[in-house]
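Each chain is listed here by its residues.
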There are 8 protein chains.
Amino acid sequence: MDVQRLKSLLEAVRQGEVTVEGAVERLRRLPFEDLGFAKVDHHRGLRQGTPEVVFAPGKTRAQIVAIAGRLAAAGEAVVITRLAAADAVAIRRRIRGLRYSDAGRVAWLSRRRREPPLGRLLVVSAGTSDIPVAEEAAITAECAGCAVDRLFDVGVSGIHRLLENHEQLDRAHVIVVVAGMEGALPSVVGGLVSQPVIAVPTSIGYGASFGGLAALLAMLNTCAAGVTVVNIDNGFGAAMAAVRLLHQLGRAG
Amino acid sequence: MDVQRLKSLLEAVRQGEVTVEGAVERLRRLPFEDLGFAKVDHHRGLRQGTPEVVFAPGKTRAQIVAIAGRLAAAGEAVVITRLAAADAVAIRRRIRGLRYSDAGRVAWLSRRRREPPLGRLLVVSAGTSDIPVAEEAAITAECAGCAVDRLFDVGVSGIHRLLENHEQLDRAHVIVVVAGMEGALPSVVGGLVSQPVIAVPTSIGYGASFGGLAALLAMLNTCAAGVTVVNIDNGFGAAMAAVRLLHQLGRAG
Amino acid sequence: MDVQRLKSLLEAVRQGEVTVEGAVERLRRLPFEDLGFAKVDHHRGLRQGTPEVVFAPGKTRAQIVAIAGRLAAAGEAVVITRLAAADAVAIRRRIRGLRYSDAGRVAWLSRRRREPPLGRLLVVSAGTSDIPVAEEAAITAECAGCAVDRLFDVGVSGIHRLLENHEQLDRAHVIVVVAGMEGALPSVVGGLVSQPVIAVPTSIGYGASFGGLAALLAMLNTCAAGVTVVNIDNGFGAAMAAVRLLHQLGRAG
Amino acid sequence: MDVQRLKSLLEAVRQGEVTVEGAVERLRRLPFEDLGFAKVDHHRGLRQGTPEVVFAPGKTRAQIVAIAGRLAAAGEAVVITRLAAADAVAIRRRIRGLRYSDAGRVAWLSRRRREPPLGRLLVVSAGTSDIPVAEEAAITAECAGCAVDRLFDVGVSGIHRLLENHEQLDRAHVIVVVAGMEGALPSVVGGLVSQPVIAVPTSIGYGASFGGLAALLAMLNTCAAGVTVVNIDNGFGAAMAAVRLLHQLGRAG
Amino acid sequence: MDVQRLKSLLEAVRQGEVTVEGAVERLRRLPFEDLGFAKVDHHRGLRQGTPEVVFAPGKTRAQIVAIAGRLAAAGEAVVITRLAAADAVAIRRRIRGLRYSDAGRVAWLSRRRREPPLGRLLVVSAGTSDIPVAEEAAITAECAGCAVDRLFDVGVSGIHRLLENHEQLDRAHVIVVVAGMEGALPSVVGGLVSQPVIAVPTSIGYGASFGGLAALLAMLNTCAAGVTVVNIDNGFGAAMAAVRLLHQLGRAG
Amino acid sequence: MDVQRLKSLLEAVRQGEVTVEGAVERLRRLPFEDLGFAKVDHHRGLRQGTPEVVFAPGKTRAQIVAIAGRLAAAGEAVVITRLAAADAVAIRRRIRGLRYSDAGRVAWLSRRRREPPLGRLLVVSAGTSDIPVAEEAAITAECAGCAVDRLFDVGVSGIHRLLENHEQLDRAHVIVVVAGMEGALPSVVGGLVSQPVIAVPTSIGYGASFGGLAALLAMLNTCAAGVTVVNIDNGFGAAMAAVRLLHQLGRAG
Amino acid sequence: MDVQRLKSLLEAVRQGEVTVEGAVERLRRLPFEDLGFAKVDHHRGLRQGTPEVVFAPGKTRAQIVAIAGRLAAAGEAVVITRLAAADAVAIRRRIRGLRYSDAGRVAWLSRRRREPPLGRLLVVSAGTSDIPVAEEAAITAECAGCAVDRLFDVGVSGIHRLLENHEQLDRAHVIVVVAGMEGALPSVVGGLVSQPVIAVPTSIGYGASFGGLAALLAMLNTCAAGVTVVNIDNGFGAAMAAVRLLHQLGRAG
Amino acid sequence: MDVQRLKSLLEAVRQGEVTVEGAVERLRRLPFEDLGFAKVDHHRGLRQGTPEVVFAPGKTRAQIVAIAGRLAAAGEAVVITRLAAADAVAIRRRIRGLRYSDAGRVAWLSRRRREPPLGRLLVVSAGTSDIPVAEEAAITAECAGCAVDRLFDVGVSGIHRLLENHEQLDRAHVIVVVAGMEGALPSVVGGLVSQPVIAVPTSIGYGASFGGLAALLAMLNTCAAGVTVVNIDNGFGAAMAAVRLLHQLGRAG
């Protein structure tokens, strides 16, 4: 959507020819811009309440810089997931203000400082090895304006660790539970709390974990009713699901 | 938890020896009752905001009557899922007021008439064959106090059917999308709306659908960020996830 | 091994031509008897400390009666697993003293009344639907001379139920944990106790449980070190593993 | 088939000793030439209307040069698929006129300049990451004489992008739809148009995409009747299927 | 789309207010009618050139009669696939003129007698057991106006049978190849001919055929370039793919 | 658990306010210490009778040194599994006394010199390639105080090799059997002996071994009753299972 | 191939116009006869040295009688596999001399009484439940003229049973080994003997046997070099493989 | 087996205390020698008619040299499979006379020059990429004394290539057929010939070939009766199966 069309639309709104609701509706459905290799969607924030997220694997540094730079220039929040540390160093030279988390392999440029926050998300993880996925979820949610608590390394073989931290469980509006291996943690958490629980299987494990399949199947078969699941290692997707939910809370509140 | 213990606890609350919060906490963690073959959990509603649900397959009519009867006697809402029509006829003779839906293979006894409703859920289904699962979700959610809209037979091979109904999409607080075969509908819905979307794969299909595996994998790999997934044919689970979420809305509102 | 050969061997022992150890060795390796369609192994008890177990599926009633009758005539303990109730009625008419458990689908004829028992086994199960497999394990172990405790319906979505029963966990020499769906219970039990834990996945569940595969993979990927696994629904096998272990305890004690 | 044999055959046709149909038949069934490690088939173009295509993986540069050079010397069109950029540079030094597409990892030497083109193919792709496969399809088809339109990055989570481009859909004779992740795009396209639709799953995705299996299963289970599928990442195969079809159009036209 | 709206549209065409192309476009995108449990699409023939097809499994006789009757009343061609013989007898009493094929488990009511036919389809099958799927494809295509040849029981273990029938191969515009077990026939056919080849794996076989998976994988991995594949046992889908293609031929011719 | 809390507890024991059993119980359930990225569990030895084991893959050398160093400083036994030789060299510079086995890729620091040993474990392996997993099991068990015998390269295709070594089989309290490829060895061993047998599938093999899946399935389907299984390549887990068992023997003895 | 054509061919041979070799060649490649639903191949015996075998599942009794009757009338040997006992009774009324084995679910009509036999086949099976498949192999081979020994119920958990019967192993020209569950027996046999060993996995087992997949994978991964495998439950196929081999022996002898 | 024991045995033979047959028997069952990491079996040739084969992957050069050197010193034939070219260069410096095939990745030291050869093996391969596996089979068989013909690049999409070479098919005693992708070639060959056919699936292909699984399943489901299968890429195993068979021919001849 070019500037001209945007102006026309807004002018129409001013003239009363288009209602505000109508203009929001058209903005939600229309605008994207062609970079040749990817159609960048500047108004996704407006349409779904989320920043554009760049999935780094399979893209060259030049492509990442081009996409992220265009978004940054447009004043958008940017999140780049699965970004190698070496790539992050190179890209940060090109995009000022970009921050990077080694633990979560995520880079971000956050324009929004939301007060009050969108809501409170708790990210729980089972083992040390699940932290990259858990951090990906946590940082993505923070970039979208959520307040995020972290409760890591509380796997089910030492269930007392989880039980000792029930205050953190209680105060969250939504809980993301990240686990590899047997993927049992979301069932236990889902049985302890009444809030929404989003389970993220990770590819942590070996042998018959089959790249996270074991944890994924376990989570889908949870005996704790109402736990939902996202793809293996998809910390970003879990955060987005939490954001969808917290946006609804925001409207309700 | 027997009556005696419940009385003692409530008395203690009255005396100020136990705070209300403390009593809720203890009630949430403790009570279940032993029927010999299954521990019935009367206070699950209190702990997680949901009625006890009886999964019929693998249980005899006598067992179903025993469990459901005990719950009914305790004044609980009861939902029995995957119940064959013939079994429903027999069981309804034993439990007064039990209703049954052929389409959803669900029987229920709903004590709660919630005003205002817990929130508004939209259940979308792709094809005629997905309706049993969609109805299981819809009725379960209604039993838990939700207002439920239905939008059925709007699969992606006739995408115009979905687009024509965007008002229904817009007014829902949360959307459950039920689809078999290629499982593409949640991705399309997830791209159109900003609300939480819970995807339910169904075992509808043949050949390489592998009992719903194709739809399940498609939904886990959705390109619409923030869509979450429950197990194949798990309409009940999707409803419970929606209820968890709507409870949070209720607290926020 | 016919009586004649047995006599000759024992005579040789008496004469000092064969040592006692040598005779035990030969008895452990040799004897089986041909029924035409199955080689019945009378001395398995001697060789492995277990009764002969007849796996009913795929056998006709006549075959089951023939095998079990021959064993009974030889004074052996008999266990028949996965036996339909209707078949049990018919077979009990032919073999006096045979008992049958509906819950476990097991028939047995127990000759040994072991005092003191071989050791103490605890069988834990996650849900009501797992009871047939749990009972198969429990009864098989009882037939082999074990003292067996049962702790049923203590699944991980209500983890407090398990925690309240830690006395039973503590006093067992070995624990068999039976669970379907997400198969998380052995990990939690394995983290609570230091005894041997044998996990049995069950085919309970639907959709992406894939006939118990989800639970099986979860158990193989347990984060609780030292938990071992047997085949799906193999309550009998878990009992036999416990018996192997308790025999070692017996020798040590 | 060497020139001498070809001449003899054609002479025989001229003399009336062999009919034209007979000669075409023999040419279609006979000729290939032995390079030791691969039997190069010069008349495949004649037999199936397609150039010989060299699949680069697992072949050394020397082998690729030998095969491609022999084909070039014989005046054949050559397409080399899945060719790494570094290999392309080396091979282009040896075969004059060879062109290379980074985006599609394809090298080609196109002898035929077909007027009018064989027909019009539209290649649609869901995401940026699917472009290599889409370009492989597009370039292969162009080498075979097709006119090719491209419509990239129109995935189902932003379905409006596709709907806005229906003119391109309408004017194509055949449509190749390339998609990874949930593989839903062919179902949507197949529901919008009445032309033949060939679906290509890609290995794009992670976690439970299982190297493109999720997209493949989704496409096989499409609810849009008459959509057909080729192997994962097989852009070349989809192009060949389109060419088979357009050849039929050419004969009909 | 009710009659009123159809009349208005056609009147507008007559008045020159809507062009013919515009009217076709609107008819292609709009009309469907709600039966409560299924949205029947009367103009699918117009939109995609195919009759509405009713997939019988999972539907009651009453539902099938309702859907098929409504279509018949509207003058549509009807095809009912996977229909058991007993059901066919019952349904034929309700819908006059309905025909039924035991071999293909298909019932149909064909209104169109197309002259000349839409084109020529050859259906090839590997074994006797593949005939139901092959007949489903053949009859569906005939109902859509195609001329259909059949070449059955020409599997690859007796390759001479196929080679003797190359005249039939040569005169087809498009070939559907149906095979179970190792699924090799499409590769052989695809190597012999230059026409489009659509492969249909069947669930025929046992053991490691895994319900047709072996044949499906084989066909997807065909070494004959340009062969496309539909779902296991999906004779209907293969026919629809052929119809899409023959419609294009019709436009070109 | 910090020193202060430990002192208080022990003081309470001394005062008679807490019994010895009670103190053991509290120590078993409570203490862990936060390193930021991993909660190190000093008293696991006390709780489960095993040293803390560090699984090296996915951890940096710095992380391994930090965890192992903290454990060493606390006087704990340390076992580091799946440790590359190069990493071992680097880490040994930082932790004095650390030993390393190339064959088993295990490093360890063993504080306990147990007399008499905890019991006798026999580790049997099928082929040369299975030795790393077998050694991982053997060394882990030795660190936990077991006496370990090794019987390597006695696969079932040369069954006489195994039969010749039955003395070693006979004197073990528990047997760990490690095998890749067809995974048949545990069945043969399980049929020869009456002791507990723990089977470890390895990822040794190629083609249809699918990374050890073939061996895993074989072991789960063993016809030798009472054989249990751990995850693919999980030598450590098998050792831990043996240790759980031998601890029980120790209590019984 | 009708009698007339056969006579002409043989006459041509007599006249010296066709050589004997040429006639055999033509007979091997040409004749089959069309029954409408199946092309019966009368000379398969001549072409491959085997009788025509009718696979009963999916065929009606009438179809089986038609095919088998035609073959019987032509003087061919007939083998009908996977035939239910009830069907056998009905079919034997129609085809005189047909024999039936309950154990192997095979019916046969054997014309050839081969002296000396084609060679000596040993069929070994692991358990009682594997006997149907083993008998299918044994009877099929006997119908093709082989001498067959049977050695049943010698599974690897009682390896001594096999070792005691090495004379039978030694005198066979080829050995078929049938096993379900963990499928280990072919590896053990293959290590004991130097003759060809053909392994047949059976679908016997439960849980993670996955319909014989576990045994199949085990056999494909055998550590005994030179063991080959046929499909699950394919006793017939194993017999045919043995017959191919024994025919070669016959020519060599 | 050391020299001393061998001498004693042979002396006993000479004295008539042990028969020749008895001595062969003992030699067949007994001898192997311990290198520490692998038990080298010098008399495997005697026991199974095959040279010892060293599978290179996972072994260090030093280990390969040690094993192969010991065998060479003992005068054994040696075959080393899956050996990288660089390793071959290094190893050939240590073992004189070792030869290496780049195409087959096999090194060998052949002591036996068998006249006449053991029999005639034909190795057929479908594509250029299958040659490494085909050569592994061919060279292994040559080392074992077979005469080997090669017929490469005759895949089913150009079936005429195979039909033109039927002389080679006819003169073979046994045929090994190597194919990747859809794995159809063994079915076609098996239908053309009456000799034993051993199928070898290769991991050649991409996408849904799943590392050779597609070809493996196709071969197991072959419609050509009596074709047997070995593991994916197992050229060595196919050769060993052929050798077992040709040894039987040799005894018969």
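Rules used throughout
- Residues numbered from 1 in each chain as written.
- Chains lettered and ligands numbered in written order.
- Predicted model: local features only at pLDDT ≥ 70, side-chain atom pairs only at ≥ 80, totals over all residues.
- Heavy atoms only, no water.
- Helix = DSSP H or I, 4+ residues; strand = E, 2+ residues; numbered from the N terminus.
- Buried < 20%, exposed > 50% of the residue type's maximum accessible area, 1.4 Å probe, protein only.
- Contact = heavy atoms within 4.5 Å.
- Areas by Shrake-Rupley, 256 points an atom, 1.4 Å probe, with all protein chains shown as cover.
- Phe/Tyr/Trp six-rings, centres within 6.5 Å; stacked < 30°, edge-to-face > 60°.
- Lys NZ or Arg CZ within 6 Å of the ring centre and 35° of its normal.
- Least-squares fit on C-alpha atoms with pLDDT ≥ 70 in both.
- Pairing = 2+ DSSP bridges.
- Axes fitted to C-alpha atoms, helices over the stretch in contact; angles between N-to-C directions.
- Salt bridge = Lys/Arg side-chain N within 4 Å of Asp/Glu carboxyl O.
- Buried area = accessible area lost by both parts, 1.4 Å probe.
- Polar contact = N/O pair within 3.5 Å; in protein donor to acceptor, adjacent residues only side chain to side chain.
- Nonpolar A, V, L, I, M, F, W, Y, C, P; charged D, E, K, R; others polar.
- Parallel < 35°, antiparallel > 145°, perpendicular 65-115°, else oblique.
- Left-handed = near helix turned anticlockwise from the far one by under 90°.

A.B. asks: Explain the overall build of chain A here, please?
C.D. replies: Looking only at helices and strands, one finds 11 helices and 11 strands in chain A. By residue count, 63% of the 253 residues in chain A fall in the buried class. Counting only contacts in chain A whose residues sit at least 6 apart along the sequence, the fraction spanning at least 24 positions is 64%. Surface accessibility of chain A: about 9000 Å² in total, with carbon and sulfur atoms responsible for 51%.

A.B. asks: Any chance you could explain the packing of aromatic side chains here in plain terms?
C.D. replies: When we look at a pair of aromatic rings, we describe it by the centre distance and by the angle of the planes. Tallied over the entire structure, the rule returns 8 aromatic pairs over all chains. Ring geometry for Tyr 206 of chain E against Phe 55 of chain G: centres 5.2 Å apart, planes inclined by 25°, an arrangement best described as stacked. Here the residue Tyr 206 of chain E occupies a position in the loop between β10 (197-201) and α10 (213-220), and Phe 55 of chain G occupies one in strand β3 (residues 52-55), the pair thus bridging two chains. The class of Phe 55 of chain G is partly exposed, set by a relative accessible area of 27%. The residue whose ring lies beneath Arg 82 of chain A is Tyr 206 of chain D, and the NZ or CZ to ring-centre distance is 4.5 Å.

A.B. asks: It is not clear to me how the relation of the copies chain H and chain G should be interpreted in this structure. Could you clarify?
C.D. replies: Mapping between the two copies of the chain is achieved by a rotation about an axis and a shift along the axis. With an RMSD of 0.0 Å, the operation that places chain H on chain G is a rotation of 180° combined with a shift of 0.0 Å along the axis. Seen this way, the second copy is the image of the first under a two-fold rotation axis.

A.B. asks: For this particular structure, what's the right way to read the sheet that holds strand β5 (residues 99-101) of chain D?
C.D. replies: Within a sheet, adjacent strands bond to each other through the backbone by hydrogen bonds, running parallel or antiparallel. All names here are of chain D. Pairing in this open sheet of 4 strands is mixed, and the strands run β3-β4-β6-β5 from one edge to the other. Each having just a single partner strand, β3 (52-55) and β5 make up the two edges of the open sheet. Adjacent strand axes in the sheet meet at a mean angle of 20° when their direction is disregarded. Relative to strand β6 (residues 106-109), helix α6 (residues 131-143) is tilted by about 5°, and along the sheet it contacts β4 (78-81), β5 and β6.

A.B. asks: Teacher, can you tell me more about the environment of Val 230 of chain D here?
C.D. replies: In this structure, Val 230 of chain D sits in the loop between β11 (227-229) and α11 (235-252). Since its relative accessible area comes to 2%, Val 230 of chain D is described here as buried. Once the C-alpha coordinates of Val 230 of chain D and Pro 201 of chain D are considered, the two residues, 29 residues apart in sequence, prove to be 7.5 Å apart. When residues no more than four places from it in sequence are discounted, the contact partners of Val 230 of chain D are Ile 198, Ala 199, Val 200, Pro 201, Leu 216, Gly 237 and Ala 238 of chain D together with Leu 220, Val 227 and Thr 228 of chain E.

A.B. asks: Help me understand the pattern of salt bridges, please; the structure alone is not making it clear to me.
C.D. replies: Pairing between side chains of opposite charge can happen when their charged atoms approach one another. All names here are of chain D. For the structure on display, the rule yields 48 salt bridges over all chains. Arg 120 is the salt-bridge partner of Asp 149, the closest N and O atoms lying 3.0 Å from each other. Of this pair, Asp 149 sits in strand β8 (residues 147-151) while Arg 120 sits in strand β7 (residues 120-125), placing them 29 residues apart in sequence. The exposure class assigned to Asp 149 is buried, which follows from its relative accessible area of 10%.

A.B. asks: Where do I start with the interface of chain H and chain G in this structure?
C.D. replies: One frequently used descriptor of interface size is the decrease in accessible area upon assembly of the parts. Contact residues are listed per partner, giving 39 residues for chain H and 39 residues for chain G. Summing the contributions of chain H and of chain G, the shared interface buries around 3300 Å²; its carbon and sulfur component is 49%. Between the two partners, chain H and chain G, sit 0 salt bridges. Seen at the junction of chain H and chain G, the total is 16 residue pairs in polar contact (both at pLDDT 80 or more). Every element with two or more residues in the side of chain H that touches chain G is listed here: α2 (20-29), α3 (44-48), α8 (166-171), α9 (185-192), β10 (197-201), α10 (213-220), β11 (227-229) and α11 (235-252) of chain H. For the side of chain H that touches chain G, the element with the most residues is α11 of chain H, which contributes 10 residues. Partitioned by chemical class, the residues of the side of chain H that touches chain G number 18 nonpolar, 14 polar and 7 charged.

A.B. asks: What's the story with the packing of helix α4 (residues 61-73) of chain D against helix α5 (residues 85-94) of chain D in this structure? I'm lost.
C.D. replies: When two helices pack together, their arrangement is given by the angle between the helix axes and the distance between those axes. Residues and elements named next belong to chain D. The contact between α4 and α5 brings their axes to 10 Å, and the two run at 45°. Between α4 and α5, the angle falls in the class oblique. Of the two elements, α4 crosses α5, and the hand of that crossing is right-handed. Where α4 abuts α5, its residues Arg 61, Ile 64 and Val 65 lie against Ala 86, Asp 87, Ala 90, Ile 91 and Arg 94. For the contact of α4 with α5, the residue count by class is 5 nonpolar, no polar and 3 charged.

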